[in-house]
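One letter stands for each residue in the lines below.
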Amino acid sequence: MSRPFKVLALGGDHIGPEVVASGLAVLRHAAEQFGVAVEIEEDLLGGASWDVHGTFCTDAVVAKARAADAILVGAVGGPEWDGIRIDGPITESDGLTRLRIELDVYNALRPARAWPALVAQTPYRQDVVDGADLLVVRENSGGIYYGEPRGREVLSDGQIRGFEISEYRTGEIERIARCAFEAARGRRGHVASLDKSNVMESGKLWRETVERVGRDEYPDVELRHLLMDYALFAVARAPRDFDVLLADNLFGDLISDLIAVVSGSLGMLPSATLPAAARPGHPVKGGLYEPTHGSAPDISGQGIANPIGAILSVAMMFEHGFGQPLAARAIEQAVDGALNAGQLPPDLGGAADTATVTQMVLHNLSSNT
Ligand code: IPM
Ligand code: MG
């Protein structure tokens, strides 16, 4: 047997550790069921790390993450740590962004679909949302998040100026464009690339570069360009008109929350953020798997967080990290079964707690073989 896959689990803050516990239960169960050997280690990230180590992400965690085959993250942040001001790059004041940069995970895959059992939890009519299946491909290690210089300065008139820079190089755009085109080939063959090329220089470069990569390397994929503001309207209005949505770091952050509406709750959304394009049959080492939702301090400690975003992130880990698409499909079906059985957590209008939803998914997994 080959060596076990090493998984580093970083619960983070508030509901982060609660949903990661559910994700790990499903991970252990599916690994056993599909004969995948895994070795799991846990550590701290975010405010939890700050409280113990005085930094949001330690060098030791970075080293462990580099050695891991896959990293499962919960969520980071909370009001306790909001007031901490650290000058310099965002990587100093946010553990998750440090990890993303250290691992060079630039390819954030954030899928959202309409689940039949949840249509009533969405603001959509059935005929508008039924069958919606979207994938945001978000550039995740460049752009305005990391552009230098950034900071604050006091102007001569006494005002304070806060600033950051939006910048992209052709190489950064080319590599994320390829990720989107590759993803589209495994789906319905459409990419919509989002930008503000009407006002931003980096947006103009984005559009030209995506267009060139599409024309030269992926003529089989249908490509269209949309301005970001219009895209928000168009995707919200008719989500079924879209397949892959390619966007830079900031716009990808925005649109990935928007598409959660088709799933009924932000709590449903998983993600995989990889240091390479995802190709069937080519597992990628060192990917970060995390629910898209935040740390939800308002409901933490009550055991009522929706664990499905974390559980579906584990499905993405089996697919992209371990090369086990069948296990991924089985987890998704187990989730579908739990939803169909009406086991809905409060964010979806139900009363099922985190443990109940998780148990139901585990139960469905067992009976799926
Ligand atoms: C996300 C989050 C992060 C981001 C925050 C927590 C830094 O919103 O992963 O979508 O802005 O990238
Ligand atoms: Mg976000």
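Residues numbered from 1 in each chain as written. Chains lettered and ligands numbered in written order. Predicted model: local features only at pLDDT ≥ 70, side-chain atom pairs only at ≥ 80, totals over all residues. Heavy atoms only, no water.

Q: Break down the domain arrangement of the protein chain for me, with residues and values.
A: On domain assignment, one finds that the protein chain holds domain 1 (1–105 + 268–369) and domain 2 (123–262). When each unit is reduced to the centre of its C-alpha atoms, the spacing between domain 1 and domain 2 is 24 Å. Taken residue by residue, the interface counts 17 residues in domain 1 and 15 residues in domain 2. Between domain 1 and domain 2, roughly 1200 Å² of surface is buried when both sides are summed, and carbon and sulfur atoms account for 55% of that area. Together, Ile 90, Arg 100 and Leu 269 form the three largest contributors to the area buried by domain 1 at its contact with domain 2, with a combined 31%. The interface formed by domain 1 and domain 2 includes two salt bridges. Taken together, domain 1 and domain 2 are joined by two residue pairs in polar contact (both at pLDDT 80 or more). Listing elements by their share of the side of domain 1 that touches domain 2, those giving two or more residues are helix H5 (90–93) and helix H6 (95–102). Counting residues per element, the side of domain 1 that touches domain 2 draws most heavily on H6, at three residues. A per-class count over the side of domain 1 that touches domain 2 returns eight nonpolar, five polar and four charged. (Domains from an automatic or database assignment. Contact = heavy atoms within 4.5 Å. Buried area = accessible area lost by both parts, 1.4 Å probe. Salt bridge = Lys/Arg side-chain N within 4 Å of Asp/Glu carboxyl O. Polar contact = N/O pair within 3.5 Å; in protein donor to acceptor, adjacent residues only side chain to side chain. Helix = DSSP H or I, 4+ residues; strand = E, 2+ residues; numbered from the N terminus. Nonpolar A, V, L, I, M, F, W, Y, C, P; charged D, E, K, R; others polar.)

Q: Describe helix H3 (residues 59–67), with residues and values.
A: Turning to H3, its buried residues number three or more, namely Val 61, Val 62 and Ala 65. For H3, the angular spread of the buried residues around the axis is 100 degrees, confining them to a single face. Considering only its buried residues, H3 is in contact with strand S1 (5–12), strand S2 (38–43), strand S3 (70–75) and H6. (Buried < 20%, exposed > 50% of the residue type's maximum accessible area, 1.4 Å probe, protein only. Arc of directions from axis to C-beta.)

Q: Break down the nonpolar core for me, with residues and values.
A: In this structure, Val 137, Leu 245, Leu 246, Ile 259, Phe 318, Ile 331 and Leu 339 are the most contacted members of the largest nonpolar core, which totals 90 residues. When residues of this core are assigned to domains, at least three map to each of domain 1 (1–105 + 268–369) and domain 2 (123–262). Other than its neighbours up to four places away in sequence, Leu 245 contacts Leu 134, Leu 135, Val 136, Val 137, Ala 192, Val 235, Ile 255 and Ile 259. Core analysis: the next-biggest nonpolar cluster, separate from the first, contains 15 residues, Leu 10, Cys 57, Ala 68 and Leu 99 among them. (Core = buried A, V, L, I, M, F, W, Y, C linked by side-chain atoms within 4.5 Å.)

Q: Could you give an account of the site of ligand 1, with specific residues and numbers?
A: Near ligand 1, the surroundings consist of Arg 100, Arg 110, Arg 138, Tyr 145 and Asp 253. Between ligand 1 and Asp 253, the relevant distance is 2.8 Å, taken from an oxygen atom to a side-chain nitrogen or oxygen of the residue. Protein burial of ligand 1: of its 320 Å² of free accessible surface, 72% is covered by the chains. Of the residues contributing to the shell around ligand 1, the split by class is one nonpolar, no polar and four charged. (Near = heavy atom within 4 Å. Areas by Shrake-Rupley, 256 points an atom, 1.4 Å probe, with all protein chains shown as cover.)

Q: Could you give an account of the pattern of salt bridges, naming the residues involved and the relevant values?
A: Throughout the structure, instances matching the rule amount to 27 salt bridges. The partner of Arg 329 in a salt bridge is Glu 332, and the shortest N-O contact between them spans 3.0 Å. Note that Arg 329 and Glu 332 are positioned in helix H14 (residues 325–340) at a spacing of three residues, about one turn of the helix. Here Glu 332 falls in the buried class, since its relative accessible area comes to 14%.

Q: Quick rundown of H6? Include the residues and the values.
A: Counting buried residues along H6, six of its eight residues qualify, which places the element largely inside the surrounding structure. All buried positions along H6 are accounted for by Gly 95, Leu 96, Thr 97, Arg 98, Leu 99 and Arg 100. For H6, the side-chain oxygen to backbone nitrogen distance between the N-cap and Leu 96 is 3.2 Å, and the N-cap itself is Asp 94. Just downstream of H6 lies Asp 104, where phi reads positive at about 50 degrees.

Q: Tell me about the pairing of S2, and name the residues and values.
A: Inspection of the sheet shows S1 paired to S2 by six bridges, in the parallel sense. Bridging across to S2, Ala 9 finds its partner in Glu 42. Following the chain from S1 across helix H1 (residues 15–33) to the adjacent parallel S2, one finds a crossover that is right-handed. (Pairing = 2+ DSSP bridges. Right-handed = clockwise from strand over helix to strand, strands pointing away.)

Q: Outline the sheet that holds strand S8 (residues 190–195), listing residues and values.
A: With mixed pairing, the 10 strands of this open sheet are ordered in space as S2-S1-S3-S12-S11-S4-S5-S10-S8-S9. With partners counted over all chains shown, the strands left at the sheet margins are S2 and strand S9 (222–227), one partner each. Between one strand axis and the next, the sheet turns through 20 degrees on average, direction left out of account. For S8 and strand S10 (residues 244–247), the ladder comprises three bridges, and the chain directions are parallel. Residue pairing across strands places Ala 192 opposite Leu 245, the latter belonging to S10. (Axes fitted to C-alpha atoms, helices over the stretch in contact; angles between N-to-C directions.)

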